Amino acid sequence: MDTPLIIALIVVITAILSIFAVYYYMRWSFEKRFKRWQDAAVILWQKDMERVQKQSVAQSRATLGGRFAEQLTPYLPEFKYDPTEARFLGSPIDLIVFPGLAQGNPREIVIVEVKTGKHCQLTDSEKKIRQLIEDGMVRWELIQPGVLLEKPLQEILEQNTPEEDCPQEPLADTD
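Residues numbered from 1 in each chain as written. Predicted model: local features only at pLDDT ≥ 70, side-chain atom pairs only at ≥ 80, totals over all residues. Heavy atoms only, no water.

Draft legend 1. Molecular detail of the sheet that holds strand β1 (residues 86-88). Reading across the sheet, the three strands line up as β1-β2-β3 and stay open at both edges, with antiparallel pairing between neighbours. One side of each edge strand has no neighbouring strand; the edge strands of this open sheet are β1 and β3 (110-112). Averaged over neighbouring strand pairs, the angle between their axes works out to 20 degrees when direction is ignored. (Pairing = 2+ DSSP bridges. Helix = DSSP H or I, 4+ residues; strand = E, 2+ residues; numbered from the N terminus. Axes fitted to C-alpha atoms, helices over the stretch in contact; angles between N-to-C directions.)

Spelled out as structure tokens, the structure:
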């Protein structure tokens, strides 16, 4: 065999081995960097999840505490009305108070919204309800479900049961 051919063959084999060595080294290096990045991302994600869970629990406690405070408000010293005259609704307003109701002589109707926490702001619907009350857009309605149901029921019975088809005397027992 010719010496230049052997040298060329050795150079080609060395180049191929060098390419493979560089490829595997680069792959190993990138995989190592990717694994470090992945581990850091997982740790960051876990910390973020813990923060979100704590925030969710805190928000839930604040909400439950607020609801508890809404129902407990009539019994607190700051409440200037008789607790027996307060009625809890919860949403969209918290309480309706009827001062004087306990003595049988209600003097006014008071709509009460209870706010707890640092940011005591009304919601949009609460603001709208407050504005409606201030504008006098409140009225009284009397609904008598029994009266509403009796008349249509009576009309249905009269239409579907002709009196000539109804027996006037009770049927005898045939046992």
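Draft legend 2. Region of interest: unusual backbone geometry. Residue Pro-92 is bonded to the preceding Ser-91 through a cis peptide linkage, with omega at 0 degrees. Tracing the chain through its elements places Pro-92 in the loop between β1 and β2 (95-97).

Draft legend 3. Main features of the side chain of Glu-70. Within the secondary structure, Glu-70 sits in helix α1 (residues 3-72). When neighbours within four sequence positions are excluded, Glu-70 is seen to be in contact with Phe-88, Gly-90, Asp-94, Leu-95 and Val-114. (Contact = heavy atoms within 4.5 Å.)

Draft legend 4. Molecular detail of the UniProt feature "transmembrane region" (unreviewed entry) in the protein chain. Mapped onto the present numbering, the UniProt feature "transmembrane region" (unreviewed entry) falls on residues 6-26. In residues 6-26, helix accounts for 100% and strand for 0%; the two terminal C-alpha atoms are 30 Å from one another. (UniProt positions renumbered as here; feature names shortened; annotations may be inferred.)

Draft legend 5. Examining the nonpolar core more closely. Counting residues in each nonpolar core, the largest one holds seven residues, listed as Phe-79, Ala-86, Leu-95, Val-97, Val-110, Val-112 and Val-114. Counting residues per element, the ones that place at least two in this core are β2 and β3. Setting aside anything within four residues of it in sequence, one finds Val-110 in contact with Tyr-81, Leu-95, Ile-96, Val-97 and Pro-99. (Core = buried A, V, L, I, M, F, W, Y, C linked by side-chain atoms within 4.5 Å. Buried < 20%, exposed > 50% of the residue type's maximum accessible area, 1.4 Å probe, protein only.)

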